[in-house]
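So the chains spell out like this:
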Amino acid sequence: MSSAKLNLMVIALVVPVIVCSQKCKSGGPLPKQDVYNVVVTQRDPIPNQAALISHINGSTVFNFSFNTAWFPAGDGTDGLVVRCVECSPNHHPCPQAVHPEWSNAGALAIIHANLTSGGVVPTTEKVTFSEVQWPGVTPPPKSNTSKWGAADPRATYREKDGMTYLTWDNCTANCYPHRQTLLSVSKTPFDPSSWKLIGPVLPEAPYTAGASLLFRDDAGGPPHYAFVADSNTAHAIMLAESQDGLHWTTPANDSKKVFMSGREGCWDSVGVASGPQPERLSNGDYLYIYNIDTGFPYHPNPLGRCAIGWAILDKDDPTKIVARADGPLLTATLPWEQCPHKGYSCQETMVVFSTGLKPLGNDEFYVIYGGADTDVGLAKIKISIKQ
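Residues numbered from 1 in each chain as written. Predicted model: local features only at pLDDT ≥ 70, side-chain atom pairs only at ≥ 80, totals over all residues. Heavy atoms only, no water.

Q: Go over the nonpolar core with me, naming the residues and quoting the values.
A: Counting 46 residues, the largest nonpolar core has Leu-287, Trp-310 and Ile-381 as its most contacted members. In this view, Trp-310 contacts Tyr-36, Val-38, Leu-287, Tyr-288, Ile-289, Tyr-290, Ala-323, Arg-324, Ala-325 and Leu-329; residues no more than four positions away in its chain are not counted. Grouped together as the second largest cluster of nonpolar side chains are 34 residues, Ile-53, Phe-62, Leu-115 and Trp-134 included. (Core = buried A, V, L, I, M, F, W, Y, C linked by side-chain atoms within 4.5 Å. Buried < 20%, exposed > 50% of the residue type's maximum accessible area, 1.4 Å probe, protein only. Contact = heavy atoms within 4.5 Å.)

Q: Requested: an account of the pattern of salt bridges, with residues and values cited.
A: As enumerated under the stated definition, the model contains 16 salt bridges in all. The partner of Glu-337 in a salt bridge is Arg-43, with the nearest N and O atoms 2.7 Å apart. With Glu-337 in helix α1 (residues 335–338) and Arg-43 in the loop between β1 (36–42) and β2 (64–72), the pair connects residues that are 294 residues apart, well separated along the chain. Under the relative-accessibility criterion, Arg-43 is labelled buried at 13%. Residue Arg-179 is joined to Asp-152 by a salt bridge in which the shortest nitrogen-to-oxygen separation is 2.8 Å. Of this pair, Arg-179 sits in strand β9 (residues 179–186) while Asp-152 sits in strand β7 (residues 148–158), placing them 27 residues apart in sequence. Of the two residues, Arg-179 and Asp-152, neither departs from the other in class, the shared state being buried. One network of salt bridges, in which partners are shared, links Arg-83, Asp-152, Asp-169 and Arg-179. (Salt bridge = Lys/Arg side-chain N within 4 Å of Asp/Glu carboxyl O. Helix = DSSP H or I, 4+ residues; strand = E, 2+ residues; numbered from the N terminus.)

Q: Run through the state of the cysteines, naming residues and quoting values.
A: In a disulfide, the sulfur atoms of two cysteines are covalently bonded to one another. Overall, the coordinates contain three disulfides when judged by the stated rule. At a sulfur-sulfur separation of 1.9 Å, the disulfide partner of Cys-87 is Cys-94. Between Cys-87 and Cys-94, the disulfide has an S-S torsion of -85° and is therefore left-handed. A relative accessible area of 6% places Cys-87 in the buried class. (Disulfide = S-S within 2.5 Å.)

Read these as layout, nothing more, since geometry by itself doesn't imply function.
Set out below in structure tokens:
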């Protein structure tokens, strides 16, 4: 690790979840709504309410390092795939950009980290140009203007084959009009030459914006599932199925094509976007973290631009949601998440957006998220299950 390891104790406190006035009033009763309680027990494990990765604390050379995926490194430590943006020509001139061809959408850096819980302050390797990888593809050609880049990684480790399955988005400029979610795989993710590009998760879809994968190898086998966002902001999460985990199709049953959408009268009525990989709970059900986006450009909203919620998926049929948040789990409350003035210091106002999730055991998790499309943060959550 290139960053300093701090031997500081972190005390876990239960932080009240912000519940706005837009609590859910529709959508019908869910069978396990009263079984689950999800709370934030540690809003920020980094001392002084700092970000895990930020140009301010010197843990990255990029102005903006944000949406981040997690995978197990295999030695008891962690791997992170970080979306890095050198400079955003939307917000200011970028005369010093080393790679203007991907300066807008970004690139992916794969780094080592130690996110061990239990009183140890999480640390990461410094994010530099040396850690940038293009998983199985040729990088965009050198250019003085933004061409395309890699955005919003999500990773799932599959124990059956020892592979890390990485989904990421091929974006032109602002990820519009073109954005397509791709799948790459590797058994040794830190080795740039190890990645193999499989291709688009849903080749027939006109626009995809992130996919989280769930493998059912420990539950009787396929179908495996992908939860695929269909909008550059937030609209619906579509369902895809696979027999081998590499090639995905939409369900033949039309009623299953839309996995999740916004609920009228609820805090997530504006629409939903994919979160990180679902993870097993102690009773066999799955935790699924998802996001909302209230729209671009940002207009003042009690939820901010982006916020994070949760759902519980049925252990036998993960396409069924058995419980779901009636208020946001995380909103932008820390200073580096709020970004009142866009510029060289931050990109987007009032944003928390998760594409990473690390299991800690005992139904506890680190939610890994981008703050203000600028920094990487952590929050610890606990899922309580009524027996």
